[in-house]
Amino acid sequence: MNRKQFDLIVIGSGSGGLGIALGMLEFGFKVLLVDKSAEKIGGECLNTGCIPSKSFLHAAKIVQEARKAREFGLEINGKTDFLKILEYVKQKQEVIREHENAGYLRKQGLHVILGTAKFISEKTVEVNGKEYSAKNIVVATGSSPRKINIKGLEFTDCYTNENIFEISSQPENFIFIGAGSISIELAQAFSRLGSKVIIVDRGERILKKEDPFISNVLQQKLEAEDIRFILNAEIEEILSSSVAVIKTAEGEKIEIPIDAIFMGLGRELNFDNLNLKAAGIEMDGNRIKLNEKLQTTNKNVFVSGDAAGNMKFSHAAEMNNMLLLNNFLSPLKKKLDFSHFSWVTFTDPEVATFGWNKEQLKEKGISYERLESDFSESDRAVTAGFEDAKILLFIEKKKYNSGAAKILGGSILAPGAGEIFQELVLANSAGISIKQLMDKIYPYPTAANMHKILFRNRILKDLKQWMKKFVREFYKF
Ligand SMILES: Cc1cc2nc3c(=O)[nH]c(=O)nc-3n(C[C@H](O)[C@H](O)[C@H](O)COP(=O)(O)OP(=O)(O)OC[C@H]3O[C@@H](n4cnc5c(N)ncnc54)[C@H](O)[C@@H]3O)c2cc1C
Ligand SMILES: NC(=O)c1ccc[n+]([C@@H]2O[C@H](COP(=O)([O-])OP(=O)(O)OC[C@H]3O[C@@H](n4cnc5c(N)ncnc54)[C@H](O)[C@@H]3O)[C@@H](O)[C@H]2O)c1
């Protein structure tokens, strides 16, 4: 058979695949990108993930902000047109699709084939009955929503992120199963647009990756917006088109109204039909066995994006791709390191988290101090009405010179937290001390100086009476 040869084959055109394919193309390599169909180009982020969800959330936030304007006497009547919001979502996807489609990518110089890829040997894949080989192959096949069987599911409309943006009308009573980032973001948006939302999770708190302090404050904020939580519970049965039964860990059964259900229950990695065995790629449970260079047990096959089974974010895929590109092209090989990783949950207020959390610090035996505050000392927060926002930071514990302490990790829960915390992410990864941040003058009044206020308060605590006395004497002298 006529087998085509490439420098690199990338399976999957989402955040994990596109980045490495285009990166290698920049250096003039012959790259083949494979995805199942034209509609799949851009992967989850463009088609069923970040882009539609963030557009949807944006629309819901505008509606909520408009409601707040009532405080200033603005009269708001009537309901939002749900279909117009879905249209907005589609428009935003189209903007990105202009540079994420097969035709455009081919014009850039990528070889794009639409079809399902499967390995037939160590360096060869088959797509649509044809064979393609390469020096290296990257598997970037992503993940899919985990679904569960529920008795009586046929009585109701069931959604995941894969079909939620195709919904034709807004459910009145909308049950979200799972209180991770997918559900929490979308549940708040649906609630703001008028659905009565109930979130059910078998865990004891929402957003489990966050510090309990942060998840509890966010939960209270969402409850204040009339979202109901049933935690330590699972859905037992859907009795009819209007009633579902939730069973708590204590065995209590609660009947709740239902018009539709959404499952945000975590992810399953997509390796079906890839025939990984044919390439000598070994599994570790449901994951591909990988070393710290994202290399499989076949030294010419690498994994990027969700399929790597680590952090499942578009920017984690970017991080994977930077590592792969470096290791393909440089003799100085790098290893994967999530020590300074960060993410943002785009609720309103947003939750932005970076670095190490309490458990990781304890595990590593690093002595730390926990600093925590609201934003009441930030004039920006006062003027814009978010004094109740929160900042939580872990800094190195220093016996004598607390100014030299480095920032180890933390979270901000505030409007725009994803923008506000960027400086902390840099300080964390570049090893900048709190003294260096305190030396910076922040334009007034910006909320990004909240950590400076927190550090100042902390350093003032070290100032003993004798030190103050000494300074007073010095001043007089
Ligand atoms: C609702 C939602 C909101 C999100 N919001 C954010 C956010 O705000 N920020 C963030 O960083 N992350 C967010 N994420 C996560 C982010 O979308 C994913 O981490 C990211 O898209 C994963 O990219 P990927 O390339 O690994 O996988 P995917 O984007 O899923 O791409 C995999 C591609 O591989 C193709 N494929 C699979 N098998 C084969 C095969 N055998 N042959 C050919 N092609 C194949 C698929 O068709 C698919 O196009 C969100 C996710 C969801 C669900
Ligand atoms: N803003 C962002 O960056 C963003 C947004 C959305 C998604 N994501 C990515 O997508 C990933 C997946 O998100 P997710 O929300 O699906 O998963 P998740 O793992 O974060 O949350 C799943 C939740 O479902 C609960 N659960 C599981 N089975 C259950 C059951 N049978 N009954 C009740 N509850 C059950 C779990 O306790 C957990 O709280 C995230 O970890 C994140 O990496 C990122």
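Sequence order sets the numbering: in each chain, residues are counted from 1 along the sequence as written. Each chain gets a letter, beginning with A, and each ligand a number, beginning with 1, in the order they are written. Reporting in this predicted model follows two pLDDT cut-offs: at least 70 for local features of residues, and 80 or more for side-chain atom pairs to be given and counted; totals over whole chains, interfaces and linings ignore these cut-offs and use all residues. Neither water nor hydrogens contribute to the side-chain values; these are computed over all heavy atoms in the structure.

You'll find the protein entered in an unreviewed UniProt entry as NAD(P)/FAD-dependent oxidoreductase, with Autumnicola musiva given as the organism. What UniProt records for the protein under Cofactor (unreviewed entry) is the sentence "FAD". Quoted verbatim from the Sequence similarities (unreviewed entry) field of UniProt, the annotation for the protein is "Belongs to the class-I pyridine nucleotide-disulfide oxidoreductase family." UniProt positions are given in the numbering used here, feature names are shortened, and annotations may be inferred rather than shown by experiment.

Thoughts on the packing of helix α3 (residues 50-68) against helix α4 (residues 82-97)
For the pair α3 and α4, interaxial distance at closest approach is 9 Å and the crossing angle is 135 degrees. With respect to their mutual orientation, α3 and α4 come out oblique. The interaxial crossing formed by α3 with α4 has right-handed handedness. Facing α3, whose interface residues are I51, P52, S55, F56, H58 and A59, α4 presents F82, I85, L86, Y88, V89, K92, Q93 and I96. Gly counts as polar in this scheme, as do all residues outside two lists: the nonpolar Ala, Val, Leu, Ile, Met, Phe, Trp, Tyr, Cys and Pro, and the charged Asp, Glu, Lys and Arg. The class makeup of the residues in the contact of α3 with α4 is 10 nonpolar, three polar and one charged. With axes taken as lines fitted to C-alpha atoms, and helix axes fitted only over the stretch in contact, angles between N-to-C directions fall between 0 and 180 degrees. In DSSP terms, a helix is any run of H or I states spanning at least four residues, a strand is any run of E spanning at least two, and both are numbered starting from the N terminus. These descriptions rest on fixed angle ranges, namely under 35 degrees for roughly parallel, over 145 for roughly antiparallel, 65 to 115 for roughly perpendicular, and the rest for oblique. Take the far helix as your reference; a near helix turned counterclockwise from it by less than a right angle gives a left-handed crossing, and one turned clockwise gives a right-handed crossing. Contacts are residue-level and defined by heavy atoms, with any inter-residue pair within 4.5 Å sufficient.

Some details on unusual backbone geometry
A cis amide bond, omega 5 degrees, links D348 with the succeeding residue P349. Inspection of the secondary structure assignment puts P349 in the loop between β20 (342-345) and β21 (350-355). Here the residue pair Y444 and P445 is connected by a cis peptide bond, since its omega of -10 degrees sits within 30 degrees of zero. Looking at the element boundaries, P445 is found in the loop between α13 (434-438) and α14 (450-462). In this structure, L207 is a non-glycine residue whose phi angle is positive, near 40 degrees. Inspection of the secondary structure puts L207 in the loop between β10 (196-200) and α7 (212-224). Of the residues examined, L207 reaches a relative accessible area of 6% and is grouped as buried. The phi dihedral of D226 falls on the positive side, at around 75 degrees, and the residue is not glycine. Tracing the backbone through its elements, the reader meets D226 in the loop between α7 and β11 (228-230). Three labels apply to residues, based on accessible area from a 1.4 Å probe with only protein chains included: buried if under 20% of the type maximum, exposed if over 50%, partly exposed otherwise in between.

Comments concerning the pairing of strand β1 (residues 4-11)
Two strands are said to pair when DSSP picks up at least two bridges between them. Across seven bridges, β1 lies against strand β6 (residues 130-139) in parallel orientation. Note that in β6 the partner of I9 across the bridge is I137. Relative to strand β2 (residues 31-35), β1 is paired through four bridges, and the arrangement is parallel. Residue pairing across strands places I9 opposite L32, the latter belonging to β2. Of the crossover connections in this fold, the one passing from β1 over helix α1 (residues 15-26) to the parallel β2 is right-handed. With the strands aimed away from the viewer, a crossover counts as right-handed if its path from the first strand over the helix to the second runs clockwise.

Points about the site of ligand 1
Around ligand 1, the surrounding shell holds 35 residues, and the nearest of these are G16, D35, E44, K54 and D306. One of the backbone nitrogen or oxygen atoms of A117 is found 2.9 Å away from a nitrogen atom of ligand 1. For ligand 1, the accessible surface in isolation is 1,000 Å², of which the surrounding protein chains cover 93%. Any residue with at least one heavy atom within 4 Å of a molecule or strand is counted as near it. Definition of a polar contact: a pair of N or O atoms within 3.5 Å, with one able to donate and the other able to accept a hydrogen when the atoms are protein atoms, and with sequence-neighbouring residues admitted only if both atoms are side-chain atoms. Per-residue and other accessible areas were derived by the Shrake-Rupley procedure at a 1.4 Å probe size, with only the shown protein chains allowed to occlude residues.

Focus: the sheet that holds strand β9 (residues 173-177)
Taking strand neighbours across the sheet as the criterion, the five strands line up as β8-β15-β9-β10-β11 in an open arrangement whose pairing is parallel. Strand pairing shows two members of the sheet lacking a second neighbour, β8 (157-159) and β11, which therefore form its edges. Strand-to-strand twist of the sheet, defined as the mean angle between neighbouring strand axes without regard to direction, takes the value 20 degrees. Here three bridges tie β8 to strand β15 (residues 260-263), and the two strands are oriented parallel to one another. Among the inter-strand pairings, D157 is bridged to a residue of β15, identified as A260. Against the sheet, helix α6 (residues 181-192) contacts β9, β10, β11 and β15, and its axis sits at roughly 170 degrees relative to β9.

Section: the site of ligand 2
Around ligand 2, a shell composed of 25 residues is seen, among which R146, D201, K208, K312 and V344 lie nearest. At 2.6 Å from an oxygen atom of ligand 2 is found a side-chain nitrogen or oxygen belonging to D201. V344 places a polar main-chain atom, nitrogen or oxygen, 2.7 Å from a nitrogen atom of ligand 2. Elements supplying a minimum of two residues to the shell around ligand 2: α6, β12 (233-238) and β20. In terms of residue count, the dominant contributor to the shell around ligand 2 is α6 (three residues). Its residues assigned to classes, the shell around ligand 2 comprises nine nonpolar, six polar and 10 charged.

Some details on the UniProt feature "domain: FAD/NAD(P)-binding" (unreviewed entry) in the protein
With numbering aligned to this structure, UniProt lists the feature "domain: FAD/NAD(P)-binding" (unreviewed entry) at residues 6-318. The span residues 6-318 is 28% helix and 27% strand, and its two end C-alpha atoms sit 23 Å from each other.

Concerning the nonpolar core
Residues enter a nonpolar core if they are buried and are Ala, Val, Leu, Ile, Met, Phe, Trp, Tyr or Cys, with the set joined through side-chain atoms within 4.5 Å. Core analysis: the largest hydrophobic core is formed by 46 residues, its most contacted members being I9, F119 and V138. Contact partners of I9, with chain neighbours within four places excluded, come to L32, V34, V125, Y132, S133, A134, N136, I137 and V138. If you look at the next biggest cluster of nonpolar residues, it comprises 43 residues, including V89, F262, L361 and L413.

Some points on the pattern of salt bridges
Here the idea is simple: oppositely charged side chains can pair when their charged atoms come close. Any carboxyl oxygen of Asp or Glu within 4 Å of a side-chain nitrogen of Lys or Arg constitutes a salt bridge here. Across all of its chains, the model carries 25 salt bridges by this definition. Across the pair K398 and E396 runs a salt bridge, and its minimum N-O distance is 3.8 Å. For E423, the salt bridge goes to K440, with nearest N and O atoms at 2.3 Å. One end of the pair, E423, is in helix α12 (residues 422-430); the other, K440, is in the loop between α13 and α14, with 17 residues separating them in the sequence.

Points about a nonpolar patch on the surface
On the surface, W466, F470, V471 and F474 cluster together to form a nonpolar patch covering roughly 540 Å² of accessible area. Considering the arrangement of structural elements, one finds V471 in helix α15 (residues 465-476). Classification of V471 by relative accessible area gives exposed; the value is 53%. Without a salt bridge and with relative accessible area above 30%, a residue can belong to a patch; like charges are then joined within 9 Å and nonpolar side chains (Val, Leu, Ile, Met, Phe, Trp, Tyr) within 5 Å.

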